[in-house]
Amino acid sequence: MGAKKMYRKRMRPCNLVRSTVFALMILGLIVGVFGTAVAQAKELRVGLQSFDDGTPGLDTYHTTNAQTQMQNSIHECLIEREPYSQPLKFMPALATSWKMIQPTVMEMKLRKGVKFHDGSTMNAEDVAFSLNRIWQRTRPAYDGAQGRFFYNFDKVEVVDSLTVRIHTKRPEPLIEVLLSDKCAGIVSKEYHDKVGFEKADLAPVGAGPYKVVSFKARHQLVLERFNDYWGEKAPLDKITFTHIPEISSRITALVNGEVDFIGNIPPDQEGPLQNRKDVKLLGVVWPMFHVYAVSMTHPVTGNKKLRQAMNLSINRELLVKGLWQGKGLVPKAHQFKEYGAPLYMPELVTVKYDPEKAKQLVKESGYNGAPVVLTFLPHYYTYGSLAAQAIAEMWQKVGINVKLQSIDNFPSDMKEIMIRPWSNPMYYPDPMGAYDTHWSKAGWPYRRNFFKPENPKWDALYEKARFSTDVKERKQSYTELLQIAQDESGYILLYQPYESFAMRSDIEWKVPTNMRPYALTFRAGQIKVGK
Amino acid sequence: MLKFIGWRFGRALLTVFAVLVAVFLAARLTGNPLDVMYPDGLPPDQEQRLLVQYGLDKTVPEQFVNYVRDLFQGNFGISLREKRPVADMYAEDIGATLKLAGCSFLLSVIFGIPMGMIGALKRRTGAGRLVMSVAFLGYAVPHFIIALSLILIFGFYLHWLPSTGNATIWHYILPTITLAAHRFASIARHTRSSLLDVLSQDFMRTARAKGLEERVVIFKHAMRNSLIPVVTILGLQIAGLINGSIIVETVFSWPGIGRLFVGAVMKRDFPVLQFGVICFAAIVVLVNFMVDILYVIIDPRIRTEA
């Protein structure tokens, strides 16, 4: 017994050391496992200026700048665009291959085993449902997407469960770029049938890299990585989008560590974020024009020489310097460098400033001094009211009697409106991505008799610029079209606006040049979060 | 007493009905909601189909009769934009607004009445002047200035308090103070003037002449008699709280009904707008009705007169 006791006594310290080492190992393992998990748990909290245009929802048919910020993470298209490539490249996504089998028919093979966020498996019926409803305008809500992108698309034909045929009304040279817009995202038909349009809009089930966890209309959206995503898994575990409309609150929320990423910072609000070690500022000149649409049919502004005078008398350099602190861009023509070669033409200049010629045109126009009413919405876009006041002064100087009219909403009957502000963003990287989406016959200015070019060459040139499959012919037609448009002056380009994003300094992110303005890209390879 | 309550209740119902008529007509004067919902325009057949679907193809009196009938059946309407029952939409967000309003109301009473008392009882001292100067500032400075100043100081520079959302108790501090500032200033000013008025009455001299302690004179005789105008103000403050919360919610990204309400006005979502205004009116009327009853409890003379 004594020996046993001795043994025990002798062994105790040894046991203690062993136990301690063992416990430390276990602890180390636990800390290691959970610590790693904590270190890898990456959440991005995004503060957004706008959440919707008054109609909350995240379904693919929404085309607003607000909703596009969130849709890109949720929805997946048959074809995806490489976000930064020059020239534009397309990547197989829900479709693995595609080919034109007739001039108006494209056959697409679908990826097998793609899961939607609700766990159901995608098939051709889902594709037909998602696209046909918009292309065939089964609801007025789909009008925006249909008119802007898909007016030349007819239907999706189901060949078998993994093959579809895309029918267009006429040969469509832009078929890939249009099918890679998020409005052509694929949603679950089964889910839509089960919950109905309204609920499916507020809690969409897509096939993108993040799935919706919760959506509180007007306030907050929470996304989570979708682990059954067909492609490379999303880099973030969770993204929380919070609606913070007030710019001061948004900036404070970033500096205070309440959010990690904010946008829509105009130049005059960058000051508090400059020279901070914990915050990174990223400025961008958007591929978008602030524009004045001028009625070509109103008795006053129907006078072409008067419209030309208005166009020539705007000192855009001064506006960019005064309003945008020199950070915006004065346009040379209705085009953006994001189109890339060969369709972007840096040498083309159609927009000019010539107040003396403007004065002469006013005289030649026979203008009788009748009030020219510039109607604007006070908060339609950044510095919009200030720009209207400055431009009114410029027009007064060349002899135009301008009246400013501020209203809350534009009426459906545009007969009384002479000039109104608008914006022309590049929806997709092609001249038609900013032109056809605004000035085609499907757009409101044409349909409401606002934009009616008189030049007899217009229709033929538009036809070639939009539908020709010969790139040289498209380029030549587009050049001529822009020169005629300048002569017609049915719209007046003001400038390309500048805004900043701000984020935690350990975040690496860049603005996707092949997406429409405001689209946020948080997929694999598109964002890195340090800690 | 019952007759008094019945009379006031009938008047309250009439007020709500008048508000209902006013908002119903005013909403329709703003124009066609489809113009805002579909700014790019609609083909005439689709427009007509939607007008029929929303019941907007009928004359305004017909629309009103249908709306009132639906109200009595517990159907408060469907949002034109969200296509959801408006009652559900308000139910989702009203909680946050009520919590904020409740905290602000409590804060304004807790600070406002003592400040008013100090202002009256120490009116010739530095403390009295300081208190009333603070009250004056709170009354004069608009909500959004207070809000942005607080955000700048306690959020941007000091990093002490969060400035957006309502996730934790810390999130309540800045919006509550902002929303309460105007109220407690108002309550303090009215408490002060009412108390000063009562302090100069004959019965106060009598109370002191009877040899009562100053504490008893102030709290039992003066304060009780000065409460009626203060209670009236408290009732009115409830209305102001809901109004003010719309701006405060925007600045602090507070997930309440503010955005829903403003959005309904801007986007001509008639059912959402009507329901919001009626609820708001009902709250104000209910509070005033309760204030009327409180009068009776505080001042028995009103009961006798009634």
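In the block above lies the structure referred to throughout.
Read on for a plain summary of the structure.

Rules used in this analysis
- Residues numbered from 1 in each chain as written.
- Chains lettered and ligands numbered in written order.
- Predicted model: local features only at pLDDT ≥ 70, side-chain atom pairs only at ≥ 80, totals over all residues.
- Heavy atoms only, no water.
- Helix = DSSP H or I, 4+ residues; strand = E, 2+ residues; numbered from the N terminus.
- Buried < 20%, exposed > 50% of the residue type's maximum accessible area, 1.4 Å probe, protein only.
- Contact = heavy atoms within 4.5 Å.
- Areas by Shrake-Rupley, 256 points an atom, 1.4 Å probe, with all protein chains shown as cover.
- Lys, Arg positive; Asp, Glu negative; His and termini not counted.
- Charge placed at Lys NZ, Arg CZ, Asp CG, Glu CD.
- Core = buried A, V, L, I, M, F, W, Y, C linked by side-chain atoms within 4.5 Å.
- Domains from an automatic or database assignment.
- Axes fitted to C-alpha atoms, helices over the stretch in contact; angles between N-to-C directions.
- Parallel < 35°, antiparallel > 145°, perpendicular 65-115°, else oblique.
- Left-handed = near helix turned anticlockwise from the far one by under 90°.
- Phe/Tyr/Trp six-rings, centres within 6.5 Å; stacked < 30°, edge-to-face > 60°.
- Lys NZ or Arg CZ within 6 Å of the ring centre and 35° of its normal.
- Pairing = 2+ DSSP bridges.
- Buried area = accessible area lost by both parts, 1.4 Å probe.
- Salt bridge = Lys/Arg side-chain N within 4 Å of Asp/Glu carboxyl O.
- Polar contact = N/O pair within 3.5 Å; in protein donor to acceptor, adjacent residues only side chain to side chain.
- Expected span 1.5 Å × (residues − 1).

Attention now moves to the overall build of chain B. Helix and strand content of chain B: 13 helices and zero strands. The linear arrangement of helices and strands in chain B, starting from the amino end, is α-α-α-α-α-α-α-α-α-α-α-α-α. Along the longest, intermediate and shortest principal axes, the C-alpha atoms of chain B span 85 × 60 × 30 Å. Every one of the 306 residues in chain B was classed for burial, and the buried ones make up 47%. Sequence separation of at least 24 residues holds for 74% of the intrachain contacts in chain B that already meet a minimum separation of 6. With the model as given, the accessible surface of chain B reaches about 15400 Å², and the carbon-plus-sulfur share is 69%. Here chain B contributes 29 positive and 20 negative side-chain charges, whose respective centroids are spaced 13 Å apart.

Once that is clear, we can look at the nonpolar core. All names here are of chain A. Core analysis: the biggest nonpolar cluster contains 76 residues, and Leu 78, Ile 166 and Tyr 435 have the highest contact counts within it. Two domains share this core, each providing at least three of its residues, namely domain 2 (76-195) and domain 3 (288-495). If we ignore the near neighbours within four places in the chain, the residues touching Tyr 435 are His 334, Ser 440, Phe 451, Trp 458, Tyr 462, Tyr 478, Leu 481, Leu 482, Ala 485 and Tyr 491.

Residues and elements named next belong to chain B. Here Ala 222 shows up in helix H10 (residues 214-251). Using a relative accessible area of 0% as the deciding quantity, one classes Ala 222 as buried. Apart from the residues within four sequence positions on either side, Ala 222 is in contact with Leu 195, Val 198, Leu 199, Met 204 and Val 217.

Take the packing of helix H5 (residues 86-121) of chain B against helix H6 (residues 126-140) of chain B next. Residue and element names in this part refer to chain B. Where H5 contacts H6, the axes come no closer than 8 Å and their chain directions differ by 135 degrees. Judged on the interaxial angle alone, H6 and H5 are oblique. Considering the relative orientation of H5 and H6, their crossing is left-handed. Contact with H5, carried on its side by Met 115, Ile 118 and Gly 119, involves Ala 127, Gly 128, Val 131, Met 132, Val 134 and Ala 135 of H6 and no other residues of that element.

Our next topic: the packing of aromatic side chains. All told, the structure shown has 45 aromatic pairs over all chains when counted by the stated rule. Both rings, one in A:Tyr435 and one in A:Tyr491, keep their centres 6.0 Å apart while their planes meet at 70 degrees; by these two values the pair is edge-to-face. Taken as a pair, A:Tyr435 in the loop between helix H13 (431-434) and helix H14 (436-439) and A:Tyr491 in strand E17 (residues 491-495) lie far apart in primary sequence, 56 residues in all. Accessibility assignment for this pair places A:Tyr435 and A:Tyr491 in one class, buried. Put simply, the rings of A:Trp422, A:Tyr435, A:Trp439, A:Trp444, A:Phe450, A:Phe451, A:Trp458, A:Tyr462, A:Tyr478 and A:Tyr491 touch in pairs and so form one group of aromatic residues. It is B:Arg28 that lies over the ring of B:Phe24; its NZ or CZ is 3.7 Å from the centre.

So, about the sheet that holds strand E6 (residues 153-160) of chain A. All names here are of chain A. The four strands lie next to each other as E4-E5-E7-E6, forming an open sheet whose pairing is antiparallel. Both edges of this open sheet fall to strand E4 (95-102) and E6, since each of them pairs with a single strand only. When strand polarity is set aside, the average angle formed by the axes of neighbouring strands in this sheet is 20 degrees. Where E6 and strand E7 (residues 163-168) come together, six bridges link them in antiparallel fashion. Bridge pairing links Lys 155 to His 167 in E7. Relative to E6, helix H3 (residues 124-135) is tilted by about 170 degrees, and along the sheet it contacts strand E5 (105-110), E6 and E7.

This part takes up the interface of chain A and chain B. Note on interface size: it is often stated as the accessible area lost on association of the parts. With 36 residues of chain A at the contact, the number on the chain B side is 37 residues. Together, the buried faces of chain A and chain B total about 3000 Å²; carbon and sulfur atoms form 49% of this surface. Taken together, the links from chain A to chain B amount to three salt bridges. Measuring nitrogen to oxygen at the nearest pair gives 2.8 Å for the salt bridge that ties B:Asp93 to A:Lys216. At the junction of chain A with chain B, the criterion picks out 14 residue pairs in polar contact (both at pLDDT 80 or more). Elements represented by at least two residues in the side of chain A that touches chain B include exactly helix H4 (143-148), helix H7 (197-202), helix H8 (247-255) and helix H15 (444-447) of chain A.

Bringing H3(A) into the picture now. Because an α-helix completes one turn every 3.6 residues, residues spaced three or four positions apart along the sequence face the same direction. All names here are of chain A. Across its 12 residues, H3 extends 16 Å between first and last C-alpha, which sits within 8% of the 16 Å expected from 1.5 Å per residue. Counting buried positions over the 12 residues of H3 gives 11, a clear majority of the element. Among the residues making up H3, those that are buried are Ala 124, Asp 126, Val 127, Ala 128, Phe 129, Ser 130, Leu 131, Asn 132, Arg 133, Ile 134 and Trp 135. For H3, the N-terminal capping position is held by Asn 123, with its side-chain oxygen 2.9 Å away from the main-chain nitrogen of Glu 125. Immediately beyond the C-terminal end of H3, within one or two residues, lies Arg 137, with a positive phi of roughly 45 degrees.

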